[in-house]
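Chain by chain, the residues:
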Amino acid sequence: MPGYGSGRPAEAVPHGQRPCSAPAIRRLREDGRHDEALALARRCLADAPHDAVLCLEAAFVHDGVGREVEAVVLYRSALAAGLEPPQRREALVCLGSSLRALARHAEARQTLEQAVHAHPTAGEAKAFLAMTLRNCGHSQAAVEMLLQLLAESSADPGIRAYRRAIAFYARDVGRNWP
C-alpha cells in the first residue's frame, strides 16, 4: 500500500481533489453529493477500470442519478472483475433491478434468479424477482413469492399469527378450496 509505512510514496493528489477510493465515492453518494460522486467515480475508473469495488461504487452512483444504462455496464464489470460474496449479492440485485427498470425483463429475471439461487435467504432479491415476474406476465408466481417472503420475514404480530396459513396458501395462491 503506498504512503505511510509502505516504503513507497503516496500518489500525489492535485490540490482540491479527493483521492480515488471506493469509500470516498460512497461517502459522497451517502451525503447526497451525487455530482461530486459521479465525477470522482469517473476519475477513479479512468485510472483503475478493472477494480471491482470501484466499478460497483461507480455503478451505485450512476444508478442513483438515473443513469441505469451506464450502471448496468458497471455492475457487469464489477461482477466480471470479482467481488466478495456480500458485494456480489448486492451487485446482482442492483443489476437485476436496473435491468427491470430498463424493461429488459428477461435479463432481469435471469440475473435475479441467479441472485436468489446463490443467496436463498436474500429477501431483497426475492422482492425484485417478484416484481420482475409480474413484469414478465407471471403474476401468480410473483404473488406466491411475495406471500412466502412475507410469511418468512415479517415481524408484524398479525402476520406472525397466520404465518403457517400464509405460507401454505402461498404455494398455490390461485387454487380455490371447495
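Keep in mind that this is a model prediction, so the values were computed, not measured.

So, how was this worked out
- Residues numbered from 1 in each chain as written.
- Predicted model: local features only at pLDDT ≥ 70, side-chain atom pairs only at ≥ 80, totals over all residues.
- Heavy atoms only, no water.
- Helix = DSSP H or I, 4+ residues; strand = E, 2+ residues; numbered from the N terminus.
- Buried < 20%, exposed > 50% of the residue type's maximum accessible area, 1.4 Å probe, protein only.
- Areas by Shrake-Rupley, 256 points an atom, 1.4 Å probe, with all protein chains shown as cover.
- Polar contact = N/O pair within 3.5 Å; in protein donor to acceptor, adjacent residues only side chain to side chain.
- Contact = heavy atoms within 4.5 Å.
- pLDDT = per-residue confidence, 0-100.
- Expected span 1.5 Å × (residues − 1).
- Arc of directions from axis to C-beta.

*Asks:* Teacher, can you tell me more about the overall build of the protein chain here?
*Replies:* Broken down by element type, the protein chain carries 10 helices and zero strands. Its helices and strands taken in sequence order, the protein chain reads α-α-α-α-α-α-α-α-α-α from the N to the C terminus. Within the span of the protein chain, comprising 178 residues, buried residues form 33% of the whole. When the accessible area of the protein chain is evaluated, it comes to approximately 10,700 Å², of which 54% is carbon and sulfur surface.

*Asks:* What am I meant to see in the side chain of Thr132 here?
*Replies:* Topologically, Thr132 is positioned in helix 7 (residues 123-135). According to the relative accessible area criterion, Thr132 is buried, its value standing at 0%. At a separation of 2.9 Å, a polar atom in the side chain of Thr132 contacts the main-chain carbonyl oxygen of Phe128. Leaving out residues up to four positions away in the same chain, Thr132 has contacts with Arg100, His105, Ala108, Arg109 and Leu112.

*Asks:* Whenever I open this one, the confidence of the model for the protein chain confuses me. Can you help?
*Replies:* Atom-level detail of predicted coordinates should not be read off regions where pLDDT is low. Of all residues in the protein chain, 90% attain a pLDDT of 70 or more, and the chain-wide mean is 90. Throughout residues 1-15 the model reports pLDDT below 50, and contacts reaching past four residues in sequence, or to other chains, amount to 10 contacts.

*Asks:* Help me understand helix 2 (residues 34-47) in this model?
*Replies:* The periodicity of an α-helix, 3.6 residues per turn, causes residues three or four positions apart to be oriented the same way. The end-to-end C-alpha distance of helix 2, which contains 14 residues, comes to 20 Å, matching closely the 20 Å that a straight helix rising 1.5 Å per residue would cover. If you check which residues of helix 2 are buried, you get Ala37, Leu38, Leu40, Ala41, Cys44 and Leu45. The arc that holds every buried residue of helix 2, seen down its axis, measures 170°, which confines them to one face. Of the exposed residues in helix 2, the ones pointing more than 90 degrees away from its buried face are Asp35, Ala46 and Asp47.

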